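In case you want the letters, here they are:
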Amino acid sequence: MTPAELSSLVKSTATTVMNDRQLDVTVLPEAVTVERPRNPEHGDYATNLALQVAKKAGVNPREFAGWLADALGADAAIDSCEVAGPGFINIRLAAAAQGEMVTKILAAGKAFGASELYAGTAINLEFVSANPTGPIHLGGTRWAAMGDSLGRVLEAAGAKVTREYYFNDHGGQIDRFARSLVASAKGEPTPEDGYGGEYIAEIGQAVVAKRPDALEGSAEDVQETFRALGVDMMFERIKASLHEFGVDFDVYFHENSLYESGAVDRALDALKDNGYLYESEGAWWLKSSEFGDSKDRVVIKSDGDAAYIAGDIAYVADKIDRGHDLCIYMLGADHHGYIARLKAAAQALGYNPDQVEVLIGQMVNLLRNGQAVRMSKRAGTVITLEDLVEAIGVDAARYSLVRSSADSSLDIDLELWASQSSDNPVYYVQYGHARLCSIARKAAELGVGAQDADLSLLTHDREGDLIRTLGEFPAVVEAAATLREPHRVARYAEELAGVFHRFYDACQILPKAGAEAEPIHGARLALAAASRQVLSNALTMVGVSAPERM
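Keep in mind that what you see is a predicted model, and the values were worked out from it rather than measured.

**Side note on the domain arrangement of the protein chain**
It is common to give the size of an interface as the accessible area that goes away when the parts come together.
Part 1 of the argument: Here the domain parsing of the protein chain yields domain 1 (3-93) and domain 2 (100-116 + 422-542).
Part 2 of the argument: One C-alpha centre belongs to domain 1, the other to domain 2; they are set 29 Å apart.
Part 3 of the argument: Between domain 1 and domain 2, the residue contacts involve five residues of the former and eight residues of the latter.
Part 4 of the argument: Buried surface at the junction of domain 1 and domain 2, both sides included, amounts to about 560 Å², of which 40% is carbon and sulfur.
Part 5 of the argument: Viewed at the interface, domain 2 and domain 1 are joined by four salt bridges.
Part 6 of the argument: The salt bridge partner of Arg 36 is Asp 465, with a shortest N-O separation of 2.3 Å.
Part 7 of the argument: At the surface where domain 1 touches domain 2, the tally comes to five residue pairs in polar contact (both at pLDDT 80 or more).
Part 8 of the argument: The class makeup of the residues in the side of domain 1 that touches domain 2 is two nonpolar, no polar and three charged.

Structure, rendered in structure tokens:
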């Protein structure tokens with residue numbers, strides 16, 4: 001029995017009790033909360049339903065709890081129910097009902113944890129979107145890991161997710177990048193406002209190798225050659241780095257296409273027509289303050305050039321017009337103002353502002369021997385995705401970035417995450433999975449199977465704790481999807497690994513050498529197989545491998 005099934009049982013039983021006693025059933029909540037008590041001596045699960053509804057129904061909470069406990073205790077899935085305190089109900093499941101969880105997991109396989117929560121919902125998930133002027137820095141790397149994991153979680157919750165990279169190929173930063181490449185190719189110092197690092201020299205040389213005449217012609221022609229070829233080369237490097245990091249996108253959207261296609265002009269014309277774009281002091285302003293923004297925003301500057309928000313306005317319209325029900329933007333710590341700005345743009349264009357959601361990620365710091373690592377080997381002034389992967393590997397890099405809430409700053413201790421010890425969270429979880437795989441191999445060698453296992457034999461406290469932890473996975477995934485917090489899955493994986501290791505230490509899963517297999521061994525082997533499946537599912541959702549050997 002899953003927690004969700006127990007919740008339904010408690011509600012249906014409460015409905016029957018209230019009808020029998022002619023109480024108002026409309027006071028019952030839509031979903032009944034059942035939780036695992038902190039003290040396992042209090043039972044497998046507990047509910048405070050009586051405290052929630054009794055007074056509304058005109059009865060004493062403890063008396064109502066007694067009626068409900070008696071009715072629940074009569075169900076074959078319930079071993080016992082006890083009333084505690086002012087009206088809490090502590091519930092113990094029957095061993096057979098508890099063992100059903102193992103059967104459900106093995107039957108569902110990779111689909112265990114999935115739901116239809118967002119079925120029929122098309123979500124555009126934009127993340128990373130780093131400027132094509134240099135390698136991806138740590139902030140972008142965090143979004144690469146978090147964004148990809150969030151996409152996996154939302155897909156597990158039934159959504160159709162489009163992973164999108166917004167390619168910023170329009171604006172002044174591209175001109176500065178091109179000037180930096182030209183200067184490097186000529187052997188000149190980096191422009192004052194330009195970009196430095198080994199990658200600039202490498203790309204500058206690559207442009208000349210591809211176009212030996214790249215430095216010939218007018219300054220404008222040279223600039224354009226290095227801009228066109230250099231941006232493409234830089235972006236190919238970015239895509240290759242992300243792919244090696246396990247992150248690929250469905251759509252690479254070019255900012256410049258919004259201007260070339262006339263999408264920006266059409267969006268601004270629509271805002272002029274509906275009165276939400278007005279002229280003042282020689283510039284054109286969006287009335288974003290009418291939709292919750294702190295102030296109106298300049299869209300067309302007094303010199304006639306478009307401000308950055310002009311592209312944002314056209315882009316949000318494009319996303320929604322492509323059929324996305326929800327557009328999630330994952331942006332860096334310096335983009336907090338975009339939350340109100342993007343919602344205002346959508347609403348001014350006539351869309352539902354709730355179709356726009358902005359997540360803000362905080363900074364990441366690398367530590368080595370307790371000291372901050374500040375300089376990159378290749379990028380000069382920033383630490384890059386490649387630097388992190390080189391130091392601790394892809395799995396550890398992804399896991400270290402996913403396991404904490406994105407809205408909190410993060411310190412990554414390189415020694416810890418590179419270590420092969422239980423102090424390293426990703427090693428601890430992966431070792432749990434590898435140990436489970438080892439058990440399966442050993443069982444095959446011994447000829448011990450879990451087919452038709454009597455799961456009602458799983459009555460040991462550690463067995464029950466493991467089964468109940470496994471049963472929480474669907475709720476964890478649903479919460480991660482609803483709250484946009486994939487770190488919940490990573491933290492759950494650590495909890496599950498810990499509960500499994502304690503079960504392993506307390507319960508003999510396979511018969512000892514020379515001994516005959518007994519029914520309990522088959523039951524425990526089935527429980528181990530279910531644990532392996534759920535741990536694998538959790539690791540997959542955070543984009544980390546589930547090794548069979550370590």
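Having seen it, we continue.
**Some remarks on the sheet that holds strand β14 (residues 410-413)**
Part 1 of the argument: Pairing is mixed across the open sheet formed by three strands, whose spatial order is β13-β12-β14. Across the chains shown, the open sheet's two edge strands, defined by having one partner strand only, are β13 (371-373) and β14. Direction aside, the axes of adjacent strands within the sheet are offset by 45° on average.
Part 2 of the argument: In the sheet, strand β12 (residues 364-368) pairs with β14 via four bridges, with the strands oriented parallel. Its bridge partner being in β14, Leu 367 is matched across the sheet by Asp 413.

**Notes on the nonpolar core**
Part 1 of the argument: Leu 242 and Tyr 399 are the most contacted members of the largest nonpolar core, which totals 109 residues.
Part 2 of the argument: With twelve residues, helix α20 (residues 519-541) is the largest single contributor of residues to this core.
Part 3 of the argument: Grouped together as the second largest cluster of nonpolar side chains are 35 residues, Leu 277, Tyr 315, Ala 317 and Ala 348 included.

**Side note on the packing of aromatic side chains**
Two aromatic rings are characterised by how far apart their centres lie and by the angle between their planes.
Part 1 of the argument: If you walk through the whole model with that rule in mind, you get 20 aromatic pairs.
Part 2 of the argument: Pairing Phe 127 with Phe 249 gives two aromatic rings, centres 4.7 Å apart and planes at 40°, and the pair type is tilted. Here Phe 127, found in the loop between β4 (122-126) and α5 (138-156), pairs with Phe 249, found in the loop between α8 (219-244) and β6 (251-254); they are 122 residues apart in sequence, far enough to count as distant.
Part 3 of the argument: Relative accessible area serves as the criterion here: at 9%, Phe 249 is assigned to the buried category.
Part 4 of the argument: A centroid spacing of 6.3 Å and a plane angle of 50° characterise the contact between Phe 500 and Phe 503, whose relative ring orientation is tilted. Note that Phe 500 and Phe 503 are positioned in helix α19 (residues 487-506) at a spacing of three residues, about one turn of the helix.

**A short note on the UniProt feature "short sequence motif: 'HIGH' region" (unreviewed entry) in the protein chain**
Part 1 of the argument: Residues annotated in UniProt with the feature "short sequence motif: 'HIGH' region" (unreviewed entry) correspond here to residues 130-140.
Part 2 of the argument: Annotated as residues 130-140, this span is 27% helix and 0% strand, and its ends, taken at the C-alpha atoms, are 7 Å apart.

**Some thoughts on the pairing of strand β11 (residues 356-360)**
Part 1 of the argument: Of all five residues that make up β11, five are buried, and the element is covered over most of its length.
Part 2 of the argument: Residues Val 356, Val 358 and Ile 360 point to one face of β11 and Glu 357 and Leu 359 to the other, with burial holding for every one of them.
Part 3 of the argument: Here five bridges tie strand β10 (residues 326-331) to β11, and the two strands are oriented parallel to one another. Looking across to β11, one finds that Tyr 329 is bridged to Val 358.
Part 4 of the argument: Chirality of the crossover, the property in question, places the unit of β10, helix α12 (residues 338-348) and β11 among those that are right-handed.

**Focus on the sheet that holds strand β1 (residues 45-47)**
Part 1 of the argument: The strand order across the open sheet built from three strands is β1-β3-β2, with neighbouring strands paired in antiparallel fashion. At either margin of the open sheet sits one strand with a lone partner, and together these are β1 and β2 (78-84). Taken pair by pair, the neighbouring strands of this sheet meet at an average axis angle of 25°, ignoring direction.
Part 2 of the argument: The sheet contact formed by β2 and strand β3 (residues 88-93) spans six bridges and is antiparallel. Of the residues in β3, the one forming a bridge with Ile 78 is Leu 93.

**Here's the deal with unusual backbone geometry**
Part 1 of the argument: One non-glycine residue, Gln 22, lies in positive phi territory at about 55°.
Part 2 of the argument: Structurally, Gln 22 is set in the loop between α1 (3-20) and β1.
Part 3 of the argument: At Asn 369, a residue that is not glycine, the phi angle is positive and equals roughly 55°.
Part 4 of the argument: Inspection of the secondary structure assignment puts Asn 369 in the loop between β12 and β13.

**Concerning the environment of Gly 262**
Part 1 of the argument: Inspection of the secondary structure puts Gly 262 in the loop between α9 (255-260) and α10 (263-273).
Part 2 of the argument: In this structure the C-alpha to C-alpha distance between Gly 262 and Ala 314, which are 52 residues apart in sequence, comes to 9.3 Å.

**Details of the pattern of salt bridges**
Part 1 of the argument: Across all of its chains, the model carries 22 salt bridges by this definition.
Part 2 of the argument: Where Glu 5 meets Lys 104, a salt bridge forms, and the shortest distance between an N and an O atom there is 3.0 Å. Here the residue Glu 5 occupies a position in helix α1, and Lys 104 occupies one in helix α4 (residues 95-108), the gap between them amounting to 99 residues.
Part 3 of the argument: Its salt-bridge partner being Asp 148, residue Arg 163 comes within 3.4 Å of it at the nearest N-O pair. Of this pair, Arg 163 sits in strand β5 (residues 160-167) while Asp 148 sits in helix α5, and the two are 15 residues apart along the sequence. Like Arg 163, the residue Asp 148 is buried in the burial classification.
Part 4 of the argument: A single salt-bridge network, built from bridges that share partners, covers Asp 148, Arg 152, Glu 155, Arg 163 and Arg 398.

**Some remarks on the packing of helix α17 (residues 461-471) against α19**
To characterise two packed helices, one gives the angle between the axes of the helices and the distance between these axes.
Part 1 of the argument: One way to put it is that α17 packs onto α19 with a least axis distance of 9 Å and a crossing angle of 160°. When the axis of α17 is compared with that of α19, the two are roughly antiparallel. Between α17 and α19 lies a crossing whose hand is left-handed. Side by side, α17 and α19 meet where Arg 462, Glu 463, Asp 465, Leu 466, Thr 469 and Leu 470 of the first sit next to Tyr 492, Glu 495, Leu 496, Val 499, Phe 500, Arg 502, Phe 503 and Ala 506 of the second.
Part 2 of the argument: Residue composition of the contact of α17 with α19, by class: eight nonpolar, one polar and five charged.

Rules behind the numbers
Residues numbered from 1 in each chain as written. Predicted model: local features only at pLDDT ≥ 70, side-chain atom pairs only at ≥ 80, totals over all residues. Heavy atoms only, no water. Domains from an automatic or database assignment. Contact = heavy atoms within 4.5 Å. Buried area = accessible area lost by both parts, 1.4 Å probe. Salt bridge = Lys/Arg side-chain N within 4 Å of Asp/Glu carboxyl O. Polar contact = N/O pair within 3.5 Å; in protein donor to acceptor, adjacent residues only side chain to side chain. Nonpolar A, V, L, I, M, F, W, Y, C, P; charged D, E, K, R; others polar. Pairing = 2+ DSSP bridges. Helix = DSSP H or I, 4+ residues; strand = E, 2+ residues; numbered from the N terminus. Axes fitted to C-alpha atoms, helices over the stretch in contact; angles between N-to-C directions. Core = buried A, V, L, I, M, F, W, Y, C linked by side-chain atoms within 4.5 Å. Buried < 20%, exposed > 50% of the residue type's maximum accessible area, 1.4 Å probe, protein only. Phe/Tyr/Trp six-rings, centres within 6.5 Å; stacked < 30°, edge-to-face > 60°. UniProt positions renumbered as here; feature names shortened; annotations may be inferred. Right-handed = clockwise from strand over helix to strand, strands pointing away. Parallel < 35°, antiparallel > 145°, perpendicular 65-115°, else oblique. Left-handed = near helix turned anticlockwise from the far one by under 90°.

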